[in-house]
Amino acid sequence: MFHLFRKKIGLALGAGSAKGLAHIGVIKELEKNNIAIDYIAGTSIGSVIGGLYALTKDIKAIEELAYSKGYKDMFDAFFDPSLKSSIFKGDKVMDFLDDYVDENTLIQDTKIPFAAVATNIKNAQPVVLKEGSLRTAIRASISIPLLLKPVKYNDMILIDGGNTNPVPVDVVREMGAQKVIAVNLYSSKFPRDFDLEKLSFMDIINVMIDTSLYNSSMEKTKSAEVQLHLPVDPNLPLTAIAEDPSELISIGEEATRAAMDKLKRL
C-alpha cells in the first residue's frame, strides 16, 4: 500500500537549444531506475523533448529520432527564410513536428500532464501553455529570437520561454508536483576567462545574454529538490543538434546517475 502515498514527482526541463538533447539521457536514467514522472514542464528545447515524452512515454523512440535525423534533414526544418522579424518563418519546423505530433493532438491528450513555457513580448511575461494544440505550444516555446518567427496565440505574441523562465520549476510545482527534478543547461556558462584585448562587440553582446540566462536559470533551479546542472559545453553551436547526439545524451545520463541517491529518496 505504500506506493499509494508516493510523492508526486515533476520534471522541469530547461532551455538550452542544441544542448537539450542531454534531456534524453536524463529521462533514460530515470526510467532505468524506475523513477516515475507525474508531471513535465519544458521550456524551449525542454518543451520539445518533454512534450514528445509526455505524449509517447517512449524515450527510446525519441532517442532514435535524435540519431535518425541527419544534418540536412534537420536544417531543412529551419531553412524557411523570413527577413521581416526573424531568419526563419518556422513553417518547416511545424512540418517537422507534424511528422511526430498530429495537428489535432492536444496537450490534454498527453500520457503525462505537460506544460510548455513561452514568453509574451507584449508584456515581457512568461506564458504557460497547458491546453490546446501540442505542436503549437512547442513551436511557441522554441521561438528563439532572431532565429524563428514569433507565434501569434490568441491576443499574445509568443517567443522562446527561456527569456523569462529557463527552468520551469515553479510551473511543474503548480501543476501538482510535490517533488521537483530540475534540469539546468546553462550552469556551465560561468565562470569563464576573457582576454580584455580580444573582446569584440559581439562577445560583449553574447556575455550580456549569457549572464542573464545563467543568473535566471540558477535562481529558478534553486527551489527544486534535485538539481541537475548538466556540464555541457557553453559554446556548443546550434548546429550540434544535427551532429552525433551521443555525447550530449551521455552527459545527461552521467549527471543523473551521479544524483541517483537523492533521486531515489524523493
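Looking at an unreviewed UniProt entry, one finds the protein named PNPLA domain-containing protein, with candidate division WS6 bacterium GW2011_GWC1_36_11 as its source organism.

Chemist: Account for the pairing of strand β3 (residues 114–120), with residues named and values stated.
Modeler: For β3, the buried fraction is high: seven of the seven residues fall into the buried class. By the alternation rule, side chains of β3 split into Phe-114, Ala-116, Ala-118 and Asn-120 and Ala-115, Val-117 and Thr-119, which are all buried. Relative to β3, strand β2 (residues 39–43) is paired through four bridges, and the arrangement is parallel. Paired with Ala-41 across the two strands is Ala-115, which belongs to β3.

Chemist: So what's going on with the packing of aromatic side chains? Which residues, and what values?
Modeler: Taken as a whole and assessed by the stated rule, the structure comprises one aromatic pair. Sitting above the plane of the Phe-190 ring, Arg-192 keeps its charged end 4.6 Å from the centroid.

Chemist: Could you give me a rundown of helix α6 (residues 134–141), with the residues and numbers involved?
Modeler: Burial runs high along α6: seven of the eight residues are buried. If you check which residues of α6 are buried, you get Leu-134, Arg-135, Ala-137, Ile-138, Arg-139, Ala-140 and Ser-141.

Chemist: Lay out the packing of helix α2 (residues 45–56) against helix α3 (residues 59–68) with the relevant residues and their values.
Modeler: Contact geometry for α2 and α3: axes closest at 9 Å, N-to-C directions at 140°. Viewed along their axes, α2 and α3 adopt a mutual orientation that is oblique. Every pair of crossing elements has a handedness; the one defined by α2 and α3 is right-handed. Contacts between α2 and α3 involve Ile-49, Leu-52, Tyr-53 and Thr-56 on the former and, on the latter, Ile-59, Ile-62 and Leu-65. When its residues are assigned to classes, the contact of α2 with α3 shows six nonpolar, one polar and no charged.

Chemist: I'd like a rundown of the nonpolar core, residues and numbers included.
Modeler: When a protein is soluble and globular, its nonpolar side chains tend to lie buried together. Membership of the largest hydrophobic core comes to 57 residues, with the highest contact counts inside it found for Leu-11, Ile-40, Ile-181 and Leu-230. Of the residues forming this core, the biggest block, seven residues, is contributed by α2. Setting aside its immediate chain neighbours within four residues, Leu-230 contacts Ala-22, Val-26, Val-183, Asn-184, Leu-185, Ser-187, Ser-188, Ile-251, Gly-252 and Ala-255. The next biggest cluster of nonpolar side chains, apart from the first, holds 14 residues, and it includes Ala-41, Val-117, Ala-177 and Ala-224.

Parameters at a glance
Residues numbered from 1 in each chain as written. Predicted model: local features only at pLDDT ≥ 70, side-chain atom pairs only at ≥ 80, totals over all residues. Heavy atoms only, no water. Buried < 20%, exposed > 50% of the residue type's maximum accessible area, 1.4 Å probe, protein only. Helix = DSSP H or I, 4+ residues; strand = E, 2+ residues; numbered from the N terminus. Pairing = 2+ DSSP bridges. Phe/Tyr/Trp six-rings, centres within 6.5 Å; stacked < 30°, edge-to-face > 60°. Lys NZ or Arg CZ within 6 Å of the ring centre and 35° of its normal. Axes fitted to C-alpha atoms, helices over the stretch in contact; angles between N-to-C directions. Parallel < 35°, antiparallel > 145°, perpendicular 65-115°, else oblique. Left-handed = near helix turned anticlockwise from the far one by under 90°. Contact = heavy atoms within 4.5 Å. Nonpolar A, V, L, I, M, F, W, Y, C, P; charged D, E, K, R; others polar. Core = buried A, V, L, I, M, F, W, Y, C linked by side-chain atoms within 4.5 Å.

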